[in-house]
Amino acid sequence: MLVSAVAAVSAFAAAAASYGSNAVVGVPPAPASTHFKDTYYFNTNLTLSAPSIPYLPHRGDPAKYGSYVQLTVDFGSVLPIFQQLNATYGPLTSRGEAHITVITPPEFLFAIKNALTIEEVEAIVLKHNLQSTPFRPVCVARQSQVVTAATSPAVGKRTFVYNILVDSPGLYAIRREVQKAYIAKGGDPSNFDYIAGFYPHITLGFETNDWFPEDHAYKTYATCFANILPARRV
């Protein structure tokens, strides 16, 4: 059915405005709006939370980055943006799913697992209703690095990854609860910080591979390059 573009944008703006009173101390504030030349539209099924989607556990080998925590998002909601990006900057590769990583594999491997099991971490995030945690899409962003892997056909080439940066005080609050439990169980506070190094985002696609902070690619608001708004049709 057709939905008024004005009504959709107004609702989006009202939801965004409500975030002002939910700031977490120490978290860099997200832009209330962006004003880039280009705008991408997500399916309005991308609500500001994903409570109807079940939690998806990842309890693999930590040494192989198999243990982490994510908020799962409806892939169909962000697929239109991937398709728009692929038409302009492709060919891009999509993972065929969408999520916001809340506890990263390196955070668990190098810090948290020294004090908590992945099951204990999951108990904390589920207690605080991870899948119902609201988030606000802020912008479409991209980051790049030069491929250095000698086995890659793209070695020496600068390649890009595209994502939606999101604002979510609630996700920082959940990470803070994990940090409290980590410290209470004897974890070194200097090894895990609920704010530092956390850049909530939804990866859309990439040219050769995703880029991470370990690659010195940081998904900060400074990498925004396009606006994001609700779709005109649902």
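Residues numbered from 1 in each chain as written. Predicted model: local features only at pLDDT ≥ 70, side-chain atom pairs only at ≥ 80, totals over all residues. Heavy atoms only, no water.

Going by an unreviewed UniProt entry, the protein chain carries the name Swiss Army Knife 2H phosphoesterase domain-containing protein and comes from Polyrhizophydium stewartii.

Attention shifts here to the overall build of the protein chain. A tally of regular secondary structure across the protein chain gives 5 helices and 8 strands. In sequence order, the secondary structure elements of the protein chain are arranged as α-β-β-β-α-β-α-α-β-β-α-β-β. When each of the 234 residues of the protein chain is scored for burial, the buried share is 45%. When contacts within the protein chain are restricted to residue pairs at least 6 apart in sequence, long-range pairs at least 24 apart make up 78% of them. Looking at the protein chain as shown, the accessible area adds up to about 11,400 Å², and 58% of this sits on carbon and sulfur atoms. (Helix = DSSP H or I, 4+ residues; strand = E, 2+ residues; numbered from the N terminus. Buried < 20%, exposed > 50% of the residue type's maximum accessible area, 1.4 Å probe, protein only. Contact = heavy atoms within 4.5 Å. Areas by Shrake-Rupley, 256 points an atom, 1.4 Å probe, with all protein chains shown as cover.)

This paragraph deals with the layout of surface pockets. In this structure, the largest pocket spans a volume of roughly 680 Å³. Lining the largest pocket are 30 residues, and of these Thr-101, Thr-104, Pro-105, Pro-106 and Phe-212 lie nearest its centre. Those elements that place two or more of their residues in the lining of the largest pocket are β4 (98–103), α3 (105–110) and β7 (201–206). The dominant element in the lining of the largest pocket, judged by the number of residues it contributes, is α3, at 4 residues. For the lining of the largest pocket, the residue count by class is 16 nonpolar, 8 polar and 6 charged. (1 Å grid on protein atoms, 1.4 Å probe; cavity = no way out; pocket = protein on both sides within 12 Å on 5 of 7 lines; lining within 4 Å. Points joined across faces, edges and corners; volume = space filled by probe spheres on them. Nonpolar A, V, L, I, M, F, W, Y, C, P; charged D, E, K, R; others polar.)

Working definition: two side chains of opposite charge can pair if their charged atoms are close together. Counted by the stated rule, this structure contains 7 salt bridges. Salt-bridge contacts for Arg-175 lead to Glu-107; the nearest nitrogen and oxygen are separated by 2.8 Å. With Arg-175 in helix α5 (residues 169–184) and Glu-107 in helix α3, this residue pair connects regions lying 68 residues apart in the sequence. For the pair Arg-175 and Glu-107, one class covers both residues: buried. (Salt bridge = Lys/Arg side-chain N within 4 Å of Asp/Glu carboxyl O.)

A few words now on the sheet that holds strand β2 (residues 58–59). Read from one edge to the other, the open sheet built from 3 strands follows the order β2-β3-β4, with strand pairing classed as antiparallel. Unpaired on one side and paired on the other, β2 and β4 mark the two borders of the sheet. Note: strand β3 (residues 67–73) against β4, 5 bridges, orientation antiparallel. Bridging across to β4, Val-69 finds its partner in Ile-103. (Pairing = 2+ DSSP bridges.)

This next bit is on the nonpolar core. Counting 46 residues, the largest nonpolar core has Val-69, Ile-81, Leu-85, Val-121, Leu-130 and Ile-202 as its most contacted members. For this core, the leading source of residues is α5, giving 6 residues. For Leu-85, the contacting residues outside a window of four places in its chain are Tyr-40, Gly-90, Leu-92, Val-140, Tyr-162, Leu-204 and Phe-225. (Core = buried A, V, L, I, M, F, W, Y, C linked by side-chain atoms within 4.5 Å.)

A few words on unusual backbone geometry. At the junction of Gly-90 and Pro-91, the peptide bond is cis and its omega measures out at 10° in the coordinates. Residue placement: Pro-91 occurs in the loop between α2 (75–89) and β4. Positive phi, normally seen in glycine, also occurs at Tyr-65, with a value near 60°. Note on placement: Tyr-65 falls in the loop between β2 and β3.

Moving on, we come to the packing of aromatic side chains. According to the stated counting rule, one finds 8 aromatic pairs in the structure shown. Taken together, the ring pairs connect Tyr-40, Tyr-89, Phe-160, Tyr-162 and Phe-225 into an aromatic cluster. The ring centre of Phe-225 lies 4.0 Å from the NZ or CZ of Arg-142, which sits over that ring. Directly above the ring of Phe-198 sits Arg-175, whose terminal nitrogen or CZ lies 4.2 Å from the centroid. (Phe/Tyr/Trp six-rings, centres within 6.5 Å; stacked < 30°, edge-to-face > 60°. Lys NZ or Arg CZ within 6 Å of the ring centre and 35° of its normal.)

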